[in-house]
Amino acid sequence: MTKHDDNQEIFRLIGHLANGLRQALNPMQGFLEILRQNDIDANERAQLGRNVEESLIILQKMARDMNELSLFETMPTVLLNTPVVPAYSCRHLCDIYQDYCKEGVQMVFNCHVATNVVCHTNLEALKLVTQRLIENALYVTRQGQVTLTCEDNGDYVRFSVADNGSGVPAEYQDNIFELHANMDEHMKRLGMGIIVCRTILRRLGGRIWLDKTYGSGTRFQFEIPKRAKSE
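Not measured: the values here are computed from a predicted model. (Residues numbered from 1 in each chain as written. Predicted model: local features only at pLDDT ≥ 70, side-chain atom pairs only at ≥ 80, totals over all residues. Heavy atoms only, no water.)

Asks: Before we go on, may I ask you to explain the overall build of the protein chain in this structure?
Replies: Counting secondary structure elements, the protein chain contains 6 helices and 7 strands. From first element to last, N terminus to C terminus, the protein chain shows the α and β order α-α-β-α-β-β-α-β-β-α-α-β-β. Contacts spanning at least 24 positions in sequence make up 72% of the contacts within the protein chain whose residues lie at least 6 apart. Summing over all exposed atoms, the protein chain offers an accessible surface of approximately 12800 Å²; the carbon and sulfur share of this is 50%. (Helix = DSSP H or I, 4+ residues; strand = E, 2+ residues; numbered from the N terminus. Contact = heavy atoms within 4.5 Å. Areas by Shrake-Rupley, 256 points an atom, 1.4 Å probe, with all protein chains shown as cover.)

Asks: Before we go on, may I ask you to explain the sheet that holds strand β7 (residues 218-225) in this structure?
Replies: Strand pairing within a sheet occurs via backbone hydrogen bonds; the two strands may be parallel or antiparallel. Pairing is mixed in the open sheet, where 5 strands are placed in the order β2-β4-β5-β7-β6. Whereas interior strands pair on both sides, the edge strands pair on one side only; in this sheet they are β2 (105-112) and β6 (207-210). In this sheet, neighbouring strand axes are inclined to one another by 15° on average, regardless of whether the strands run parallel or antiparallel. Bridge analysis of β6 against β7 gives 4 bridges, and the strand direction is antiparallel. Following the sheet pairing, Arg207 is matched in β7 by Glu223. The strands that helix α3 (residues 86-98) touches are β2, β4 (144-153) and β5 (156-163); relative to β2, the one it contacts most, it runs at about 175°. (Pairing = 2+ DSSP bridges. Axes fitted to C-alpha atoms, helices over the stretch in contact; angles between N-to-C directions.)

Coordinates in, geometry out; function isn't part of it.
What follows is the structure in structure tokens.
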């Protein structure tokens, strides 16, 4: 990617973020004005409160994603020398997120990599990618399971996070990692996290993709090298 392409991507990102922030902020003032009125019933007041809370959650997610994206895009060097055992780190994350599952949803871990397989990478960056994908999957899964899988793939370790939600519409699959301003609100909320994951994995010497053959929900897969080249 050329410097011009990088700049264009940054400008598109700024526009995407500005639009998202405006969409989240615009209704909040109206909601608050209505909440100050005395002639609305308890049900209306409760619904407005939920609307404000939802807008705040979106803003918090966007602020978090903006911070993480800026950090990894501008960081001069990402240290890739921490030995990580995928079998253990993935199991640990599954145990943590089991406590965040809705009723009727469970975390499942499929391990197809030996416990003596080690990746020399950046542990915090790898955890962040995996956490974002798990959080997205849990968000869209109402019943069933979210499955984290890791497997040995030669010089790489391959990870996948699968859910049995509604899936990604076919018209969005080819540009899922682009700044998709025309996507519906649900997809917009997931989009920034996906872009953050792509940026981080590039710095780790890895890659991420959407498994278009997965037919019962959504499955994102990514790989990192067992020993990445130093930056």
